[in-house]
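# Observations on chain architecture
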Amino acid sequence: VLLDDSFSTIVKAVEWGRNIYENFKRFISFQLTVNLSSVIVVFTSILLGLKAPFTALQLLWINIIMDGPPALTLGLEPNYDDLMKRPPVRRNESIVSKAMLGRIGFTGLYISVVFLAQYLFNFLGAAAAQMPTVLFTLFALFQLFNAFNCRELHNESIFKHLLKNKLMLLVVGCTFVLQVLIIQFAGAFFGTIPLDFVMWVKLFAVAGSVVVLSELVKMIWRDIQ
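These remarks concern the structure in this document. Throughout this description, residue numbers start from 1 for each chain and increase along the sequence as written. In keeping with the predicted nature of the model, local features appear solely for residues at pLDDT of at least 70, side-chain atom pairs appear and are counted solely at 80 or more, and the whole-chain, interface and lining totals rest on all residues. Hydrogens and water molecules were not included; the side-chain quantities draw on all heavy atoms of the structure.

## Comments concerning the packing of aromatic side chains
Inclusion rule: Any two rings among Phe, Tyr and Trp, with Trp reduced to its six-membered ring, count as a pair given centres within 6.5 Å; such a pair is stacked if its planes are under 30 degrees apart, edge-to-face if over 60, and tilted if neither. Per the convention used, a helix needs a DSSP run of H or I reaching at least four residues, while a strand needs a run of E reaching at least two, with both numbered from the N terminus. Burial classes follow relative accessibility: with a 1.4 Å probe on protein chains only, a residue under 20% of its type's maximum area counts as buried, one over 50% as exposed, and anything between as partly exposed.
Applying the stated criterion across every chain yields a total of eight aromatic pairs. On the basis of an interplanar angle of 75 degrees and a centroid distance of 5.0 Å, the ring pair of F145 and F204 is categorised as edge-to-face. Of this pair, F145 sits in helix 5 (residues 131–151) while F204 sits in helix 8 (residues 197–224), and the two are 59 residues apart along the sequence. For F145, a relative accessible area of 16% gives the class buried. The class for F204 is partly exposed, based on a relative accessible area of 41%. The interplanar angle of 85 degrees and the centroid separation of 6.3 Å between the aromatic rings of F176 and W200 together place this pair among those described as edge-to-face. Separated by 24 residues along the polypeptide, F176 in helix 6 (residues 166–185) and W200 in helix 8 bring together distant segments of the chain. The exposure class of F176 is partly exposed, given its relative accessible area of 26%.

Written out as structure tokens, the structure reads:
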């Protein structure tokens, strides 16, 4: 802006500033959702007298998902076409807005309820020996799917800009592959046992429901507005 004294440069600077601000919000949204759901499931399990759902190594892997490449790629989301059409953010507005806080609470609570329902009622039909592995995998997959929800801060569908951040798609895909490898071949380290194909399909479908639920809520909200 100082070098070329051009209005178009000012517009471009504002656009980039808005995008950086939104990327901060995407990262924070993902982080808070993972933290909220993990705190709820661990503390509720303890209060109900159940065994802690995760081992130390499993918690470490969840933390890698939370703070590692899948989370960091949310900070690399490119500019969206409608970014400059949105009203400016008030100077005194919190970076965690009420709408954002509501989505974090709703999503974190949903993940926790489904996770605890599996722990208590075993609706996936896991064998007793499979239960720790199923719980660990279900929670990890929930977070990977929710990363897609966190890409969209407004009421638009996540599928509108799905292919814009190809690095994020690659990283999440690689993390999923690593999750499969951990379960199928690294059970001695992570305290897991291999799962059959049918169970993987069930886990994938249940974890993917967090995206379906988010899309339904946004569709209803768009109709109301």
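That covers the picture; the talk isn't over yet.
## Re the environment of L120
Secondary-structure assignment places L120 in helix 4 (residues 98–121). Judged by its relative accessible area of 42%, L120 falls in the partly exposed class. On a C-alpha basis, the gap between L120 and S94 in space is 38 Å, while along the polypeptide they are 26 residues apart.

## Observations regarding helix 6
Heads up, the rule is: To estimate how far a helix should reach, multiply one less than its number of residues by 1.5 Å. Here the arc refers to the set of directions running from the helix axis out to each C-beta atom.
Taking 1.5 Å of rise per residue, 20 residues should cover 28 Å, and helix 6 covers 28 Å from first to last C-alpha, within 8% of that figure. For helix 6, every residue scored as buried is listed here: M168, V171, V172, T175, Q179, I182 and I183. Down the axis of helix 6, the buried set is contained in an arc of 110 degrees. They therefore lie on one face. Those residues of helix 6 that are exposed and aimed more than 90 degrees away from the buried face are K166, L170 and F185.

## Notes on the packing of helix 5 against helix 8
As a reminder of what qualifies: In this description, a line fitted to the C-alpha atoms serves as the axis of each element, helices being fitted only across the stretch in contact, and the angle between N-to-C directions of two axes falls anywhere from 0 to 180 degrees. Helix crossings fall into two classes, left-handed where the near helix is turned counterclockwise from the far one by less than a right angle and right-handed where it is turned clockwise. Should any heavy atoms of two residues lie within 4.5 Å, those residues are considered in contact. Amino acids are sorted into nonpolar (Ala, Val, Leu, Ile, Met, Phe, Trp, Tyr, Cys and Pro), charged (Asp, Glu, Lys and Arg) and polar (every other residue, Gly among them).
Axis separation between helix 5 and helix 8 bottoms out at 9 Å; the angle between their running directions is 35 degrees. Here the hand of the crossing between helix 5 and helix 8 comes out right-handed. On helix 8, the residues touching V134, T137, L138, L141, F142, F145, N146 and N149 of helix 5 are M199, W200, L203, F204, V206, A207, G208, S209, V210, V211 and S214. Here the residues of the contact of helix 5 with helix 8 are counted per class, giving 13 nonpolar, six polar and no charged.

## Brief notes about empty space enclosed by the protein
Note the threshold: Using protein atoms alone on a 1 Å grid, points that fit a 1.4 Å probe yet trap it form a cavity, whereas open point sets bounded by protein on both sides within 12 Å along at least five of seven lines form a pocket; residues with an atom within 4 Å of a point count as lining. Grid points are joined across faces, edges and corners, and a volume is the space filled by probe spheres set on the points.
Inspection of the entire model under this criterion finds one cavity of 30 Å³ or more. Taken as a whole, the largest cavity encloses approximately 40 Å³ of empty space. Together, Y80, F148, R151, E152, I158, H161 and L162 line the largest cavity.

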